[in-house]
Amino acid sequence: MKKILITGFSGFVSRHFLNYLFENNYSYEVLGVDINPPKMSLDIYQGVLNIQFKELNLLDEQAFDGIIKEFRPDYILHLASFSSVAYSWQHPADCFHNNTRIFLNLTESLRKNNLKDCRVLSVGSSEEYGDVKEEHLPLKEDMHLEPVSPYAVARVSQEMMAKVLVDGFGMNIILTRSFNHMGPYQDGRFVIPSFVRRILDIADAGKPEGIIETGDTTIIRDFVDVRDVVHAYYLLLTKGTAGEIYNICSGKGVALDEVIHEIADLAGVKIEGKVNPEFVRPGDNKKIVGSYEKIKNELGWNPVIPLRQTLQDMIDDVSV
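Sequence order as written defines residue numbering, which begins from 1 separately in each chain. Restriction of local features to residues with pLDDT of at least 70 applies here, the model being predicted, together with a cutoff of 80 or more for giving and counting side-chain atom pairs; totals for whole chains, interfaces and linings are based on all residues. Values shown for side chains rest on all heavy atoms present in the structure; no hydrogens or waters enter the calculation.

Trainee: Let's hear about the overall build of the protein chain: which residues, and what values?
Mentor: Along the backbone of the protein chain there are 10 helices and 13 strands. Computation of the radius of gyration draws on C-alpha atoms, with the globule rule given as 2.2 Å multiplied by the number of residues to the power 0.38. Since a compact globule built from 320 residues should have a radius of gyration of about 20 Å, the 19 Å found for the protein chain is in line with a globular shape. Taken along the three principal axes of its C-alpha coordinates, the protein chain extends 60 × 45 × 40 Å. Counting only residues that meet the buried cut, the protein chain has 52% of its 320 residues in that class. Look at the contacts in the protein chain between residues 6 or more apart in sequence, and 79% of them connect residues 24 or more apart. All accessibility values rest on the Shrake-Rupley procedure with a 1.4 Å probe; residue burial counts only the protein chains present in the view. Carbon and sulfur atoms make up 49% of the accessible area of the protein chain, which amounts to about 14600 Å² in all. When charges are tallied, Lys and Arg are placed among the positive residues and Asp and Glu among the negative ones, while His and the ends of the chain are skipped. One atom stands in for each charge, and that atom is NZ of Lys, CZ of Arg, CG of Asp or CD of Glu. Counting 33 positive and 45 negative side-chain charges, the protein chain places the centres of these two groups 3 Å from one another. Helix and strand assignments follow DSSP, with helices taken as H or I runs no shorter than four residues and strands as E runs no shorter than two, numbered in order from the N terminus. Classification of residues uses two cut-offs on accessible area relative to the type maximum, computed with a 1.4 Å probe and protein chains only: under 20% is buried, over 50% is exposed, and between them is partly exposed. Residues count as neighbours in contact if any of their non-hydrogen atoms are within 4.5 Å of one another.

Structure (structure tokens):
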């Protein structure tokens, strides 16, 4: 049985990745590591997946190395990061140190333990592209990067180091620039689940309409369902080309105010957004839309779950 190590195991992307393996009857031995325990029971995956979990601070180089040395994974899905752009503005040094250091701890352990053939999926972000002029959209993998947030700079650094390790040491690292993904189980600190929760609070109170405070809702983002994302991750982990970068996106741009109205419509209420200047991030990219042509051409992947279905499933998850 092949072995997969998943960092950031207790996050919502990992949970959907496990669901994907289970639903497709893909049998693996899985070791999850995270600084926090998982929120779901791992027993539901029995019969298909053999799962262990170890609570670990990935900044602890020795402990992380010990786990990799003992488990000797065939694949690593590297999800662990501080993934909030807003947090990176509040704690730039912390964000940069965390996101780059844990990646270096991981790759150095593979190198020292002669595991360079282990296939690593290094997850990056569309934030790496920066504030691109509209005539240069959709964003493609060969475009010049102009990161405009501490989080984006950390992601670019991780990506550049990965390329050096592939070229210099022959390591088997595949890279993504993942666009805004969302779906059930997502933490309420992120913008769309936050909208869902606050709009449902208004609906559950029996009010026909209400106001929610927001940041700049005119910005346009490329939203993709997390279940489509984990399908792409599996394809890349097992079949992607080392050293190559792949956009994971929907290819469509949607303004945040349009998302708010869609959630409100599904919830049966009318919602007005009120901009709170404290929620507006400095240097925020005005429009981000990607192209998934590369991964489609190489691996046959394309997103299939529409935005409205994603939002309905998020509403259903919060309502349970």
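On we go.
Trainee: Mind laying out the layout of surface pockets, listing which residues take part and the relevant values?
Mentor: Cavities and pockets are defined on a 1 Å grid built over the protein atoms alone: a cavity is a set of grid points where a 1.4 Å probe fits but cannot escape, while a pocket is an open set with protein on both sides within 12 Å along at least five of seven lines, and lining residues are those with an atom within 4 Å of any such point. Grid points are joined across faces, edges and corners, and a volume is the space filled by probe spheres set on the points. Counted as a void, the second largest pocket has a volume near 250 Å³. Together, 14 residues line the second largest pocket, and Ser 250, Lys 252, Ile 305, Pro 306 and Leu 307 are the ones closest to its centre. Contributions of two or more residues to the lining of the second largest pocket are made by strand S10 (223-225) and helix H10 (307-319). A per-element tally of the lining of the second largest pocket places S10 first, with three residues. Nonpolar residues are Ala, Val, Leu, Ile, Met, Phe, Trp, Tyr, Cys and Pro. Charged residues are Asp, Glu, Lys and Arg, and all others, Gly as well, are polar. Grouping the amino acids of the lining of the second largest pocket by side-chain chemistry returns 10 nonpolar, two polar and two charged.

Trainee: Give me the packing of helix H6 (residues 191-204) against helix H8 (residues 256-267): which residues, what numbers.
Mentor: Interaxial angles span 0 to 180 degrees and are taken between N-to-C directions of axes, which are lines fitted to C-alpha atoms, for helices over the stretch in contact. Closest axis-to-axis distance for the H6/H8 pair is 10 Å, and the angle between their directions is 35°. Crossing handedness for the pair H6 and H8: right-handed. Residues Ile 192, Phe 195, Val 196, Ile 199, Leu 200 and Ala 203 of H6 lie in contact with H8, whose contacting residues are Leu 256, Val 259, Ile 260, Ile 263, Ala 264 and Ala 267. Residue composition of the contact of H6 with H8, grouped by class: 12 nonpolar, no polar and no charged. Left-handed is the label given to a crossing in which the near helix is rotated counterclockwise from the far helix by less than a right angle, and right-handed is the label when the rotation is clockwise.

Trainee: Could you give me a rundown of H8, with the residues and numbers involved?
Mentor: By this rule the span expected of a helix is its residue count minus one, scaled by 1.5 Å. Its 12 residues place the ends of H8 17 Å apart at the C-alpha level, agreeing with the 16 Å of an ideal helix rising 1.5 Å per residue. Restricting attention to buried positions, one finds in H8 the residues Leu 256, Val 259, Ile 260, Ile 263 and Ala 264. For H8, the arc enclosing every buried residue in end-on projection is 135°, short of the 170-degree limit, so these residues lie on one face. For H8, the secondary structure elements touched by its buried residues are H6, strand S8 (209-214), S10, strand S12 (254-255), strand S13 (270-275) and H10. A positive phi of about 80° marks Gly 268, the residue just after H8. Picture the helix axis, draw a direction to every C-beta atom, and the arc is the one those directions span.

Trainee: Residues and numbers for H10, please.
Mentor: Taking 1.5 Å per residue as the helical rise, H10 with its 13 residues ought to reach 18 Å, and the 18 Å between its terminal C-alpha atoms agrees with that figure. Buried residues along H10 sit in contact with strand S7 (180-182), H6, S10, helix H7 (226-239) and H8.

Trainee: Account for unusual backbone geometry, with residues named and values stated.
Mentor: Cis geometry is adopted by the peptide bond preceding Pro 138, which originates at Leu 137 and carries an omega value of 0°. If you trace the backbone, Pro 138 turns up in the loop between strand S5 (119-125) and helix H5 (150-169). Although it is not a glycine, Asn 114 sits at a positive phi angle of roughly 55°. Following the sequence through the fold, Asn 114 ends up in the loop between helix H4 (92-112) and S5. Since its relative accessible area comes to 63%, Asn 114 is described here as exposed.

Trainee: So, the side chain of Asn 247: which residues are in play, and what are the values?
Mentor: Locating Asn 247 in the fold gives a position in strand S11 (residues 245-248). Each polar contact in these results corresponds to two N or O atoms within 3.5 Å; when the atoms are within protein, one needs to be able to donate a hydrogen and the other to accept it, and residues that are neighboring in sequence are counted only if both atoms are side-chain atoms. Looking at Asn 247, its side chain comes within polar contact range of the side chain of Tyr 129, at 2.7 Å. Among the polar contacts made by the side chain of Asn 247, one reaches the main-chain carbonyl oxygen of Ser 291 at a distance of 3.1 Å.

Trainee: Could you give an account of the pairing of strand S1 (residues 3-7), with specific residues and numbers?
Mentor: In terms of residue burial, S1 counts as a mostly covered element, since four of its five residues are buried. Bridge count for S1 against strand S2 (residues 28-34) is five bridges, and the pairing is parallel. Its bridge partner lying in S2, Lys 3 is registered against Glu 29. In this region the chain leaves S1, passes through helix H1 (residues 12-23) and returns to the parallel neighbour S2; the handedness of that crossover is right-handed. Bridge count between S1 and strand S4 (residues 75-78): four bridges; the pairing is parallel. For two strands to count as paired, DSSP must find a minimum of two bridges between them. Seen with the strands pointing away from the viewer, any crossover whose path from the first strand over the helix to the second strand runs clockwise is right-handed.

Trainee: Now, about the packing of helix H2 (residues 61-71) against H4: what can you tell me, with residues and values included?
Mentor: With their axes 9 Å apart at the nearest point, H2 and H4 run at an angle of 45° to one another. Accordingly, the angle class assigned to the pair H2 and H4 is oblique. The two elements H2 and H4 meet at a crossing, and its hand is right-handed. Residues Glu 61, Phe 64, Asp 65 and Ile 68 of H2 touch H4, and the partners they reach there are Arg 101, Ile 102, Asn 105, Leu 106, Ser 109, Leu 110 and Lys 112. For the contact of H2 with H4, the residue count by class is five nonpolar, two polar and four charged. Roughly parallel here means an angle under 35 degrees, roughly antiparallel means over 145, roughly perpendicular means 65 to 115, and every remaining angle is called oblique.

Trainee: Describe the environment of Leu 311, listing the residues and the values that go with them.
Mentor: By secondary structure assignment, the location of Leu 311 is in helix H10. Residues Leu 311 and Tyr 87, 224 residues apart in the sequence, show an inter-C-alpha distance of 24 Å. Aside from chain neighbours lying at most four places away, what touches Leu 311 is Met 182, Ile 192, Val 259, Glu 262, Ile 263 and Leu 266.

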